[in-house]
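Structural characterization, general
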Amino acid sequence: MQQGCRKIAFLMLSKELSITKERYRGYLDALQAAGLSPTPSLQVTCAHDEEKKH
């Protein structure tokens, strides 16, 4: 954001993890402080699934 970025993504492993919830609150606070709104399409759940490779 300090370098002018306006589309900030939030990557997470699971919405259910407590650490994810804390980081998400920080993400939202940072966006709000910069005068930005969260974009749902930039909130991405990432999963490492070994079975998909086979």
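Just so we're clear, the structure is a prediction, and the values are computed from it rather than from any experiment.

Counting its secondary structure elements, the protein chain contains one helix and two strands. Mapped from its N terminus to its C terminus, the protein chain presents α and β elements in the order β-α-β. For the protein chain, with 54 residues in total, the buried portion stands at 13%. Partitioning the contacts of the protein chain with sequence separation of at least 6, the portion at a separation of at least 24 is 55%. Split by element, the accessible area of the protein chain, about 4,700 Å² in all, is 52% carbon and sulfur.

With that settled, the discussion passes to the nonpolar core. Within the largest apolar cluster, six residues are counted, these being Ile 8, Phe 10, Met 12, Tyr 27, Leu 31 and Leu 36. Taken together, the elements giving at least two residues each to this core come down to β1 (10–12) and α1 (18–33). Those residues within four positions of Leu 36 in sequence are excluded, and the remaining contacts are Met 1, Cys 5, Arg 6 and Leu 31.

This next bit is on the side chain of Thr 20. Along the polypeptide, Thr 20 turns up in helix α1. Ignoring any residue separated from it by four or fewer positions in sequence, one finds Thr 20 in contact with Phe 10, Met 12, Ser 14 and Lys 15.

Let us now look at the packing of aromatic side chains. If you walk through the whole model with that rule in mind, you get three aromatic pairs. Centroid distance Phe 10 to Tyr 27: 5.0 Å. Interplanar angle 40°. Geometry classified as tilted. Placement of the pair is Phe 10 in strand β1 and Tyr 27 in helix α1, with a sequence separation of 17 residues. Note on Tyr 27: relative accessible area 9%, which makes it buried. Cluster of aromatic residues (ring-pair linked, three or more members): Phe 10, Tyr 24 and Tyr 27.

Calculation criteria
Residues numbered from 1 in each chain as written. Predicted model: local features only at pLDDT ≥ 70, side-chain atom pairs only at ≥ 80, totals over all residues. Heavy atoms only, no water. Helix = DSSP H or I, 4+ residues; strand = E, 2+ residues; numbered from the N terminus. Buried < 20%, exposed > 50% of the residue type's maximum accessible area, 1.4 Å probe, protein only. Contact = heavy atoms within 4.5 Å. Areas by Shrake-Rupley, 256 points an atom, 1.4 Å probe, with all protein chains shown as cover. Core = buried A, V, L, I, M, F, W, Y, C linked by side-chain atoms within 4.5 Å. Phe/Tyr/Trp six-rings, centres within 6.5 Å; stacked < 30°, edge-to-face > 60°.

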